[in-house]
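Chain residues, written in single-letter form:
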Amino acid sequence: MSKYRFKNSSIYIGDSDLPHNKLSITDPLELHAIENELLIQAYELFYHRIDEHTVFDEQYFITLHKATFSSLYEWAGEYRSTLDMTKGDSRFCLAHYLHDASKKIFDELSHDNDLRRGNELPKEHFAKKLAYYKCELIALHPFYELNGRITRMFFDMIAAYNGYKFIDYSLITPEAYINASIECVQFADCGKMEKIILEGLHQA
Ligand SMILES: Nc1ncnc2c1ncn2[C@@H]1O[C@H](COP(=O)(O)OP(=O)(O)OP(=O)(O)O)[C@@H](O)[C@H]1O
Ligand SMILES: [Mg+2]
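Residues numbered from 1 in each chain as written. Chains lettered and ligands numbered in written order. Predicted model: local features only at pLDDT ≥ 70, side-chain atom pairs only at ≥ 80, totals over all residues.

Quick word on the overall build of the protein chain
Convention followed: Secondary structure counts use DSSP, requiring at least four H or I residues in a row for a helix and at least two E residues in a row for a strand, with both numbered from the N terminus. Counting other C-beta atoms within 10 Å of a residue's C-beta gives its exposure: the residue is buried at 20 or more, exposed at 12 or fewer, and partly exposed in between, where C-beta atoms are placed from the backbone. Any pair of residues counts as being in contact when their C-beta atoms, constructed from backbone geometry, are within 7 Å of one another.
A count of helices and strands for the protein chain gives seven helices and two strands. Counted from the first residue to the last, the protein chain has its helices and strands arranged as α-α-β-β-α-α-α-α-α. Counting only C-alpha atoms, the protein chain reaches 50 × 35 × 35 Å along its principal axes. A buried classification covers 31% of the 204 residues belonging to the protein chain. A separation threshold of at least 6 residues defines the contact pool for the protein chain, and within that pool the share at least 24 residues apart is 66%.

Written as structure tokens, this is what we have:
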């Protein structure tokens, strides 16, 4: 059964949770391997592109998704237009409000100087800010798929800009990460995500 409850979704192949893709791959392991390879290449590319002019705005966030996955998916870099999505008991931002909600998050981020001065903050304070915006984007869930990976990549690039390594999530279980996400989406509580980020944030 699909992980999602979609109405009339043409994103997935039949009843599966495998997205239609440009390479016509139907083997989940093969598709996952290619997604991973594309993600690794994109990390290299975007990491080396970071300079003092880099702005972590909505366009940058969308570009991460598009540049990483456009060779595989038609909908790379596209927000889900009319599709409301849930996972478990969590309901993500309604498609109808997606653009306004996204604008609000990125306006706030912009007033926070795109978190480009995180290196001037104590680490705990920077982690708190990263967690706050990350929870907002988790609840937004703007893309059809790959939201988790692109959202992590977005904050990894912000961490790198500020002299930190990519955030290390290897010490926490997938369940703990989902539970932290559930608190973000259902209770607007980023406390668990803040703890995860603080533990995974280390100076480069
Ligand atoms: N039950 C849930 N409640 C709230 N948020 C959830 C739930 N399950 C997953 N999420 C969030 O959705 C993200 C997954 O979204 P999506 O499947 O679009 O991207 P992904 O790149 O495949 O994710 P991942 O690599 O994290 O599994 C997770 O990273 C998590 O933050
Ligand atoms: Mg997924």
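A closer look at helix H3 (residues 98-111)
This is how the line gets drawn: Multiplying 1.5 Å by the residue count of a helix minus one yields the expected span of that helix. Comment: arc refers to directions from the helix axis out to C-beta atoms.
Taking 1.5 Å of rise per residue, the 14 residues of H3 would be expected to cover 20 Å, and the 20 Å separating its terminal C-alpha atoms lies within 8% of that figure. When we look at burial in H3, the residues that qualify are Leu98, Ile105, Phe106 and Leu109. Burial along H3 is one-sided: seen end-on, the buried residues are contained in an arc of 90°. Away from its buried face by more than 90 degrees, H3 exposes Asp100, Lys103, Asp107, Glu108 and His111. Its buried side turned inward, H3 meets helix H2 (58-69) and helix H4 (123-140). The first or second residue beyond H3 is Asn113, which carries a positive phi of 60°.

Section: the packing of H4 against helix H6 (residues 174-187)
Filter applied, for reference: To get an axis, fit a line to the C-alpha atoms, keeping to the stretch in contact for a helix; angles then go from 0 to 180 degrees between the N-to-C directions. Under this scheme an angle from 65 to 115 degrees is roughly perpendicular, one under 35 degrees roughly parallel, and one over 145 degrees roughly antiparallel; angles in between are oblique. Any residue that is not Ala, Val, Leu, Ile, Met, Phe, Trp, Tyr, Cys, Pro, Asp, Glu, Lys or Arg is counted as polar, Gly included; the first ten are nonpolar and the last four charged.
At a minimum axis distance of 9 Å, the contact between H4 and H6 shows a crossing angle of 75°. Between H4 and H6, the interaxial angle falls into the category roughly perpendicular. Where H4 abuts H6, its residues Cys135, Ile138 and Ala139 lie against Ser181, Cys184 and Val185. Looking at the contact of H4 with H6, its residues break down into five nonpolar, one polar and no charged.

Looking at unusual backbone geometry
Backbone geometry places Ser24, a non-glycine residue, at a positive phi of 55°. Of note, His141 is a non-glycine position whose phi angle comes to about 50°, a positive value. The residue His141 is located in the loop between H4 and helix H5 (147-161) in this model.

Points about the site of ligand 1
Condition: Note on definitions: a residue is near a molecule or strand provided its C-beta atom, placed from the backbone, lies within 6 Å of it.
The environment of ligand 1 is made up of 13 residues, and the closest members are Gly88, Ser90, Asn147, Gly148 and Ser181. Residue assignment for the shell around ligand 1 shows that the elements contributing at least two residues are H5 and H6. Looking at which element gives the most residues to the shell around ligand 1, the answer is H6, with four residues.

A closer look at the nonpolar core
A general trend in soluble globular proteins is that nonpolar side chains are found buried together. In plain terms, the rule: By definition, a nonpolar core groups buried Ala, Val, Leu, Ile, Met, Phe, Trp, Tyr and Cys residues that connect through C-beta atoms lying within 7 Å of each other.
Core analysis: the largest hydrophobic core is formed by 46 residues, its most contacted members being Leu130, Ala131, Ile158, Cys184, Met193 and Ile197. Those residues within four positions of Ala131 in sequence are excluded, and the remaining contacts are Cys190, Met193, Glu194 and Ile197.

As for helix H1 (residues 28-49)
Along its 22 residues, H1 runs 31 Å from first to last C-alpha, staying within 8% of the 32 Å computed at 1.5 Å per residue. A small share of H1 lies buried, amounting to two of its 22 residues.

Here's the deal with the packing of H6 against helix H7 (residues 191-200)
Between H6 and H7, the shortest axis-to-axis distance is 7 Å and the interhelical angle comes to 135°. Here H7 runs oblique to H6, going by the angle between their axes. Between H6, through Tyr177, Asn179, Ala180, Glu183 and Cys184, and H7, the contact on the second element is made entirely by Gly191, Lys192, Met193 and Ile196. Across the contact of H6 with H7, the residue classes break down as five nonpolar, two polar and two charged.

Quick look at the environment of Ile13
Tracing the backbone through its elements, the reader meets Ile13 in the segment before H1. Take Ile13: there are 14 C-beta atoms within 10 Å of it, and that puts it in the partly exposed class. In sequence terms Ile13 and Glu183 are 170 residues apart; their C-alpha atoms lie 30 Å from each other. Residue contacts for Ile13: discarding those within four places in its chain leaves Leu18, His20 and Thr26.

Description of the environment of His53
Within the element layout of this structure, His53 appears in the loop between H1 and H2. Look at His53 and you get exposed, because 6 C-beta atoms sit within 10 Å. Sequence separation between His53 and Tyr133 is 80 residues; the distance between their C-alpha atoms is 21 Å.

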